[in-house]
Amino acid sequence: EEEWMQARNAQVRMNIGNQCCVFLSTFLCISICLGEDYDLDDKTGLGRSFDGIGSLSGGGATSRLLVNYAEPYRSQILDYLFKVCFLHLEGYEWWLMKEAKKRNPNITLIGLPWAFPGWVGNGENWPYSFPDITASYVVSWIFGAKQYHDLDIDYVGIWNERSFNSKYIKLLRYTLDKSGLERVKIIASDNLWEPISSVVIADKELQDAVEILGVHYPGTNTVPEALKTGKKLWSSEDYSTFNDNVGGGCWARILNQNYVNGKMTATISWNLVSSYYEDLPFERDGLMTAKEPWSGNYVVESPIWITAHTTQFTEPGWTYLQTVGHFTHGGSYVALTDERGNLTIITETMTHDHSVCIRPPLPSYDVTDQNVTFHLKGTFVRGLFFPPLFCGLNGSFSIELDVDEVYTFTTVRNGQRGSYPDPPPSAPFPKSYKDDFDVSGNPYFSEAPNFADQTGVFEYFTNQTDPGPHVSTLRQVVTQRPVTWVADADQTISVIGDYQWQDLMVSCDIYMESVHAGGVFIAVRVNKGGGVVSHFHFWVNYPFKLFNNGMTVLAEGMSGTRARVWYTLTLTVKGNYASADLDGYPLWKNAVLWEPRHGWAAIGTSSFELAQFDNFAIEALA
């Protein structure tokens with residue numbers, strides 16, 4: 001009885017909304033066993049090998065603001081993220097991969113193209129017309145990861161949620177092998193179960209090339225053909241849900257049921273961390289929230305703790321028992337063993353309304369309070385796995401489960417809930433903000449703090465042609481429209497600031513590098529992000545134009561500007577009126593505007609072209 005009380009008092013209890021999340025460091029043994037009975041048995045063999053829980057950073061610069069947090073808050077956020085999962089990235093976040101590797105040297109790194117450089121498609125929005133070029137590009141990226149960042153990429157995908165091409169997959173496998181990268185495995189096709197499963201079955205060469213069948217948002221289910229392939233099955237993108245308590249419930253349910261229902265041995269969340277402006281598309285769809293580097297505030301949301309229920313007490317390479325499944329009165333349970341004396345059981349009783357994911361639709365079902373009794377059989381019944389405490393004379397233990405609860409029962413004793421002092425309070429973006437883009441040394445990030453690129457790439461640049469005040473600038477560097485995953489804007493743009501801003505003044509020095517075409521703009525009241533951007537912007541080339549929503553011209557005229565000369569643009573918006581200056585001289589005053597009424601500030605170019613920016617400043621007036 002004394003040992004039982006010590007074990008009972010050692011539990012770590014976390015209240016997450018209505019979810020009661022408890023880690024029990026040894027098994028609780030209750031003498032009166034009521035309710036339903038469930039066997040945990042390895043005598044008929046084991047199930048599939050567990051490959052881990054992961055998160056995807058990318059598909060919209062989802063970790064963009066994280067790098068700009070000051071210490072110690074940046075390291076605290078990274079600790080919460082990378083001591084619990086593995087990482088699925090796109091390729092521009094080298095710093096994030098290295099930080100992940102510091103905290104978990106055994107972390108798995110995956111690369112998945114969402115877009116390709118325009119030259120890969122040779123003018124077409126299609127990466128498979130010249131599969132040898134595309135394969136060479138991907139292999140070069142993998143080599144670059146190792147050569148320049150000492151990072152080993154473990155898996156590579158084909159093209160996010162788009163058609164696959166069997167010829168390309170085979171050629172990619174051949175190119176990897178020829179380049180000495182036999183260890184890098186291929187995931188296909190990061191879309192639906194079909195047609196990839198049937199094609200793999202019918203094509204022996206393709207079957208040999210593909211290591212993992214990866215599917216997005218499977219709803220915890222698979223198809224018979226996928227199982228027939230004999231391949232490992234992954235939910236290679238899942239969750240994508242607002243990270244409140246319902247999002248935590250979604251994550252808890254699918255982590256268990258992706259294996260119980262679909263035999264998927266890895267689940268990867270989109271996205272890793274909501275570190276982008278909240279009013280951009282898919283706001284707060286990360287496992288935690290870190291969107292205020294200027295204040296240092298961040299929030300450890302419930303999906304982080306749900307993740308820990310598995311990752312703190314298992315490791316990739318552990319094996320699921322075959323005896324896993326659904327509880328009679330709703331919910332599910334999985335059990336995993338390291339086959340060296342440890343056993344971990346995770347149970348969840350998420351109700352329908354407390355675990356709805358963003359997709360796919362969730363059919364109705366019922367969950368009620370219940371008593372469950374687990375009977376340990378096979379090698380587990382001997383009690384050798386649970387010193388110093390046997391679970392009853394017959395190797396059984398019982399637990400009363402309420403709805404919307406997650407429990408972990410484990411023999412692993414080194415798991416714990418990490419914690420840091422509370423971060424600083426939330427604060428809005430500063431109303432007065434300046435950046436001259438001067439950086440010393442070689443920063444480990446290339447983007448200016450707080451700018452969030454929506455289209456194009458804006459990077460620090462050393463302007464060797466100007467030894468004067470514009471040596472250090474911010475430069476838009478993409479000169480060709482990429483092979484895009486989805487519809488993208490024709491102009492490049494990077495947003496910054498507060499979505500609620502209404503009246504403000506924005507100024508910036510600009511330098512147009514294209515002699516015969518193009519132009520540079522500053523913008524206010526940008527109220528949409530992603531591929532469709534809505535804003536007022538002041539566009540300068542040889543004429544100037546003031547656009548409303550990127551289409552309606554509110555003012556225009558000759559500016560006298562030319563390429564390769566620095567100019568200062570100023571755009572002021574108050575109420576329904578906009579005014580602009582060029583080098584301190586008015587171009588127009590009080591142009592009438594109506595919508596949008598609020599939004600971010602921004603800089604950009606009128607096409608994919610080289611252009612530079614310097615001495616950016618904002619004064620929010622209301």
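Whatever comes next refers back to the structure up there.
Cut-offs used in this document
Residues numbered from 1 in each chain as written. Predicted model: local features only at pLDDT ≥ 70, side-chain atom pairs only at ≥ 80, totals over all residues. Heavy atoms only, no water. Disulfide = S-S within 2.5 Å. Helix = DSSP H or I, 4+ residues; strand = E, 2+ residues; numbered from the N terminus. Buried < 20%, exposed > 50% of the residue type's maximum accessible area, 1.4 Å probe, protein only. Salt bridge = Lys/Arg side-chain N within 4 Å of Asp/Glu carboxyl O. Pairing = 2+ DSSP bridges. Axes fitted to C-alpha atoms, helices over the stretch in contact; angles between N-to-C directions.

**Observations concerning the state of the cysteines**
In the structure shown here, the tally under the stated rule is one disulfide. One disulfide bridge connects cysteine 250 with cysteine 357, the sulfur atoms lying 2.0 Å from each other. In this structure, the disulfide formed by cysteine 250 and cysteine 357 twists by about 105° around the S-S bond and is classed as right-handed. Of this pair, cysteine 250 sits in helix 9 (residues 245–262) while cysteine 357 sits in the loop between strand 19 (343–348) and strand 20 (370–376), and the two are 107 residues apart along the sequence. Each member of the pair, cysteine 250 as well as cysteine 357, carries the same accessibility label: buried.

**Quick word on the pattern of salt bridges**
All told, the structure shown has 20 salt bridges when counted by the stated rule. Where lysine 232 meets aspartate 51, a salt bridge forms, and the shortest distance between an N and an O atom there is 3.0 Å. Pair noted here: lysine 232 is in strand 11 (residues 232–239) and aspartate 51 is in the loop between strand 4 (46–49) and strand 5 (52–57), with a separation of 181 residues, a long-range link. The exposure class of lysine 232 is partly exposed, given its relative accessible area of 34%. With a shortest N-O distance of 2.9 Å, aspartate 208 and lysine 204 are connected by a salt bridge. Linking aspartate 208 with lysine 204, this pair stays in helix 7 (residues 204–209), spanning four residues, or about one helical turn. Judged on exposure class, the residue aspartate 208 and its partner lysine 204 are both exposed. Connected through salt bridges with shared partners, the residues Asp79, Glu99, Lys102 and Arg103 form a single ionic network.

**What to know about the sheet that holds strand 20**
The strands that make up a sheet are held in pairs by hydrogen bonds between backbone atoms, and each pair lies either parallel or antiparallel. Judged by pairing direction, the sheet is mixed, and its three strands sit side by side in the order 3-20-21 without closing on themselves. Two strands close off the open sheet at either side, each with one partner strand: strand 3 (36–40) and strand 21 (396–401). Sheet twist, expressed as the average angle between the axes of neighbouring strands with direction ignored, equals 25°. Sheet topology note: the strand 20/strand 21 ladder contains six bridges and is antiparallel. When the bridges of strand 21 are listed, glutamine 370 appears paired with leucine 401.

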